[in-house]
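# Structural description and commentary
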Amino acid sequence: MKNFKFRVRVQFKDGILDPQAEVIFQKIQHLEFSQVKTLTCEKSFLLELEAPSSAEANQVVRRLAQDLLSNPVMESFEVEEVAS
Amino acid sequence: MKSRWAVLKFPGSNGEGDALKALSAYPVKLVEHWHEDPIQVGDYELLILPGGFSYGDYLRAGAIAKHAPALKNLHEVISEGCHVMGICNGFQILLEARLIPGFLQVNSSLKFISDMVDCHLNHAVEPWIRKEDCGKRLKLPVAHRFGNYQVSRVDRSELVAALTYEVDLNSSVDQIAGVYRSIGRGSVFAMMPHPERAAFEALGANDGRLFFDNAFEFLSERGTS
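An account of the accompanying structure is given in this report. (Residues numbered from 1 in each chain as written. Chains lettered and ligands numbered in written order. Predicted model: local features only at pLDDT ≥ 70, side-chain atom pairs only at ≥ 80, totals over all residues. Heavy atoms only, no water.)

### Some remarks on the packing of aromatic side chains
Two numbers describe a pair of aromatic rings. These are the distance of the centres and the angle of the planes. Residue and element names in this part refer to chain B. Under the definition given, this model contains seven aromatic pairs over all chains. An angle of 35° between the planes, with centres 5.6 Å apart, marks the rings of tyrosine 26 and phenylalanine 216 as tilted. Residue tyrosine 26 is located in the loop between α1 (16–23) and β2 (29–34), and its partner phenylalanine 216 is located in helix α4 (residues 209–221); the two are separated by 190 residues in the primary sequence. According to the relative accessible area criterion, tyrosine 26 is buried, its value standing at 8%. Each ring, one from phenylalanine 189 and one from phenylalanine 211, has its centre 5.8 Å from the other, and the planes form 70°; the classification is edge-to-face. Of the two residues, phenylalanine 189 is situated in strand β11 (residues 186–191) and phenylalanine 211 in helix α4; the sequence distance between them amounts to 22 residues. (Phe/Tyr/Trp six-rings, centres within 6.5 Å; stacked < 30°, edge-to-face > 60°. Helix = DSSP H or I, 4+ residues; strand = E, 2+ residues; numbered from the N terminus. Buried < 20%, exposed > 50% of the residue type's maximum accessible area, 1.4 Å probe, protein only.)

As structure tokens, then:
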């Protein structure tokens, strides 16, 4: 077994109301950072796990992201392996 | 044999006391069921998932609660004849558990809404709403920030919009306040208003009793109460 580290990023799908992002974006505009055109918020989870291979670890993390960390009805997720 | 009714309790639930009090008006065997104890087929004829903030609403409202041992066999338990009412956070848990399609997003006002609202009964749904109740208006309390229910047209085919708001409260699609789905011999009824907080005249609001009166009558007639 080897140790792996993965990051799961979860964000709302297009069209889902995200008041947190809206409020932060409004404040950015008030602070006169007019260069900023859009802003989205996302959740990030960092996981360390043991698995026989990177591919199997990836599968486990994806299942977890699908079953618990995200709600696929309104959120999408991305999984990436990060250096241990 | 007395009918067995239960109110499920999670860490962070806060509506279980009101629900138990409301249901205590009926001659049934009523219990508070702790989320760590599995529910088996035939344990209960009626189950309430109360309001509150299960697991502090961490991750997403209802997201952690859906993995509770008590909910593991819920689909089968319902299919075999259990009627489940999910109130507020209970609605969110039923969505996360995929027993009801769609999702609840933040109210369009971005505000927490705590108010008495007029709701409309649209359809007869067993055991909660009788045919003769359709068209009635109920005054029920709401207390939520995430009550803006959205569901795709496709997913709606198996749903009944049994309860709607009289006004556009939070931008829910078609002003839906509560949805019903029949599953096998049981059902789920998920709603944002709190009928258990409007169950006694002394509180100045008892319209919520209609659902529980009907459920008791229906289950009694069926011979299980």
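### Things to note about the interface of chain A and chain B
Taken residue by residue, the interface counts 15 residues in chain A and 17 residues in chain B. Between chain A and chain B lies a buried interface of about 1,300 Å² when both sides are counted; carbon and sulfur atoms form 63% of it. Of all residues in chain A, A:Leu17, A:Leu68 and A:Val73 bury the most surface against chain B, accounting for 37% of the area lost on that side. Counting the contacts that link chain A with chain B gives one salt bridge. Residue B:Arg60 is joined to A:Glu75 by a salt bridge in which the shortest nitrogen-to-oxygen separation is 3.6 Å. At the junction of chain A with chain B, the criterion picks out nine residue pairs in polar contact (both at pLDDT 80 or more). For the side of chain A that touches chain B, the residue count by class is nine nonpolar, three polar and three charged. (Contact = heavy atoms within 4.5 Å. Buried area = accessible area lost by both parts, 1.4 Å probe. Salt bridge = Lys/Arg side-chain N within 4 Å of Asp/Glu carboxyl O. Polar contact = N/O pair within 3.5 Å; in protein donor to acceptor, adjacent residues only side chain to side chain. Nonpolar A, V, L, I, M, F, W, Y, C, P; charged D, E, K, R; others polar.)

### Things to note about the side chain of B:Arg181
Residues and elements named next belong to chain B. With respect to the element layout, arginine 181 can be found in strand β10 (residues 176–183). A distance of 2.7 Å separates a polar atom in the side chain of arginine 181 from the backbone oxygen of leucine 99. Discounting chain neighbours no more than four positions away, the residues touching arginine 181 are His75, Arg98, Leu99, Ile100, Glu158, Leu159, Ser187 and Val188.

### Observations regarding the pattern of salt bridges
Per the stated rule, a full pass over the model turns up 19 salt bridges over all chains. B:Arg197 is the partner of B:Glu196 in a salt bridge, and the nearest nitrogen-oxygen pair spans 3.9 Å. B:Arg197 sits in the partly exposed class, given a relative accessible area of 29%. Among the charged side chains, a salt-bridge network with shared partners connects A:Lys43, A:Glu75, B:Arg60 and B:Glu96.

### Looking at unusual backbone geometry
A cis geometry characterises the amide bond from B:Glu126 onward to B:Pro127, with omega recorded as 0°. Checked against the element boundaries, B:Pro127 lands in the loop between β6 (113–121) and β7 (137–144). Positioned with a positive phi, A:Glu32 is a non-glycine residue whose angle comes to about 65°. For A:Glu32, the location among the structural elements is in the loop between α1 (19–30) and β2 (43–51). Accessibility expressed as a relative area gives 67% for A:Glu32, which makes it exposed.

### Quick word on the sheet that holds strand β1 (residues 2–12) of chain A
All names here are of chain A. Within the open sheet, the three strands sit side by side as β2-β1-β3. Their pairing is antiparallel. Looking at strand neighbours, the two that pair on one side only are β2 and β3 (75–82), the edges of this open sheet. Looking at each pair of strands side by side, their axes are set apart by 25° on average, direction ignored. Bridge count for β1 against β3 is eight bridges, and the pairing is antiparallel. Following the sheet pairing, lysine 5 is matched in β3 by valine 82. Lying on the sheet, helix α2 (residues 54–69) is in contact with β1, β2 and β3; it crosses β1 at an angle near 35°. (Pairing = 2+ DSSP bridges. Axes fitted to C-alpha atoms, helices over the stretch in contact; angles between N-to-C directions.)

### Re the layout of surface pockets
Each pocket or cavity is described by its volume, and for the largest pocket that value is around 780 Å³. Contributing to the lining of the largest pocket are 38 residues, with B:Asp57, B:Arg60, B:Ala61, B:Arg145 and B:Phe146 lying nearest its centre. Looking at the lining of the largest pocket, the elements that each hand over two or more residues are β1 and α1 of chain A together with α3 (89–96), β5 (103–105) and β7 of chain B. With four residues, α3(B) is the largest single contributor of residues to the lining of the largest pocket. In the lining of the largest pocket, the residues fall into 18 nonpolar, 11 polar and nine charged. Approximately 260 Å³ is the volume attributed to the second largest pocket. Along the walls of the second largest pocket sit 13 residues, with A:Ile16, A:Asp18, A:Ala21, A:Leu39 and A:Thr40 positioned nearest its centre. Counting residues per element, the lining of the second largest pocket draws most heavily on α1(A), at three residues. Here the residues of the lining of the second largest pocket are counted per class, giving six nonpolar, three polar and four charged. (1 Å grid on protein atoms, 1.4 Å probe; cavity = no way out; pocket = protein on both sides within 12 Å on 5 of 7 lines; lining within 4 Å. Points joined across faces, edges and corners; volume = space filled by probe spheres on them.)

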